[in-house]
Amino acid sequence: MAEKQRVCVTGSGGYIASWLVKFLLSRGYTVHGTVRDPCDEKNDHLKKLDNAAKNLKLFKADLFDYEGLSTAISGCSGVFHIACPVPFEGVPLTEEELITPALTGTKNVLEACTEAKVKKVVVVSSIAAVVYDPKWPNVAKNEDCWSDTQLLHSLEGYWPYYYLAKTLMEREAIEWSKRNLADVVTVCPGVTIGPRLQSTLNSSSLGLLKFIKGFEKSLLSDQLYLVDVRDVADALVLVYENQEAKGRYICNSYSLHNDSLTEILRNMYPNRNFPESFRERKEEVVMEERLRLSSEKLQSLGWKFRPLEETIDDSVVSFEASGDLPKQIAYSM
Ligand SMILES: NC(=O)c1ccc[n+]([C@@H]2O[C@H](COP(=O)([O-])OP(=O)(O)OC[C@H]3O[C@@H](n4cnc5c(N)ncnc54)[C@H](OP(=O)(O)O)[C@@H]3O)[C@@H](O)[C@H]2O)c1
């Protein structure tokens, strides 16, 4: 097992990172969490986690701030690099705003890891760096599949820019690992849903909320890749602690069509007044194998994931608790 002492988590106040920090603290790690502003109340949930008073230290660091990142990473044997700009529906981000921080931040974090002689680095990439390969044959996509950067360069819009950013930053991390002594493992989660620890809405939680409320006809696209945020955090701890973990890992539990999610929601909540579009009977969609994502490599390390119904139910409870979703009332379009 990698040395279980002091680790750094970048972007620690975010959705996925908060669950990771919680799990790390519960396993006895001392955590250096980077946030852009330690005094911002949106990071207060971190201070309330079990063991946080004793074992969590927050550091101020933007992805462009090498000194800040280096101070946070100094003294750590492991680093989880999670911070990255994520498009938020309705807030248009430019190529410059998405790609430059992702790449500069990854370079800064890795350089600081070299300086601090960090032993293991876990980088959170995304299935955005996997799925966009039109030439992939008709078999489930695995870790050999990379999004086509040339094709992505030819596209405009914040999602293609994000796909490109994640692909380039993951490739950068893998290239770095060839030149350095530290082990680097990259993890590519699917669209991550489930309960939130933080008070603010992150992009993927907002996507699910808008879908349930009927403001969006699909959750990002008709083809869905879903994974529970707690299962992602588990995967990050697993690949960190397991010395057999090498290279890249797809972290996705369910590949399904948008209509199947609608069906699951209707079955789970027969008394909820879902949007009209949810009631339309759709023909069953047979999904091409090439549209599926395989997490077999991660599962072979022992990764397990919870049932989708549990994730959805816990998401709904979390939305209700935060007041984002009224309890059992009729939703109007
Ligand atoms: N959620 C998903 O569906 C999903 C799926 C696959 C991969 N991922 C990846 O998982 C990671 C976390 O995403 P998330 O879903 O947890 O979203 P999130 O809550 O928005 O987390 C993003 C984190 O990055 C930080 N960040 C963004 N720009 C930064 C900058 N210039 N300097 C320093 N920190 C910066 C944010 O800090 P602030 O709070 O200060 O903005 C936040 O802590 C990202 O790398 C994302 O690409 C997410």
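Anything mentioned here points back to the structure above.
Residues numbered from 1 in each chain as written. Predicted model: local features only at pLDDT ≥ 70, side-chain atom pairs only at ≥ 80, totals over all residues.

Caption draft 1: Fine view of the site of the ligand. By nearness alone, 24 residues border the ligand, and Gly11, Gly14, Tyr15, Cys84 and Ser204 come closest of all. Among the elements that make up the shell around the ligand, the one with the highest residue count is helix H1 (residues 15-26) (3 residues). Looking at side-chain class alone, the shell around the ligand contains 13 nonpolar, 8 polar and 3 charged residues. (Near = placed C-beta within 6 Å. Helix = DSSP H or I, 4+ residues; strand = E, 2+ residues; numbered from the N terminus. Nonpolar A, V, L, I, M, F, W, Y, C, P; charged D, E, K, R; others polar.)

Caption draft 2: Local environment of the packing of helix H4 (residues 66-73) against helix H5 (residues 95-116). Axis separation between H4 and H5 bottoms out at 9 Å; the angle between their running directions is 45°. Put simply, H4 runs oblique to H5. Regarding H4 and H5, the two cross each other, and that crossing is right-handed. Where H4 abuts H5, its residues Tyr66, Leu69, Ser70 and Ile73 lie against Asn108, Val109, Ala112, Cys113, Glu115 and Ala116. A class-by-class count of the residues in the contact of H4 with H5 yields 7 nonpolar, 2 polar and 1 charged. (Axes fitted to C-alpha atoms, helices over the stretch in contact; angles between N-to-C directions. Parallel < 35°, antiparallel > 145°, perpendicular 65-115°, else oblique. Left-handed = near helix turned anticlockwise from the far one by under 90°. Contact = placed C-beta atoms within 7 Å.)

Caption draft 3: Broad picture of the pairing of strand S6 (residues 183-189). Among the 7 residues that make up S6, 6 are buried, leaving the element largely enclosed by the rest of the structure. Two strands pair when backbone bridges link them, and strand S5 (residues 120-124) and S6 are joined in this way by 5 bridges, in the parallel orientation. Its bridge partner lying in S6, lysine 120 is registered against aspartate 183. With 5 bridges joining them, S6 and strand S9 (residues 247-251) adopt parallel strand pairing. Of the residues in S9, the one forming a bridge with valine 185 is glycine 247. (Buried ≥ 20, exposed ≤ 12 C-beta atoms within 10 Å, placed from the backbone. Pairing = 2+ DSSP bridges.)

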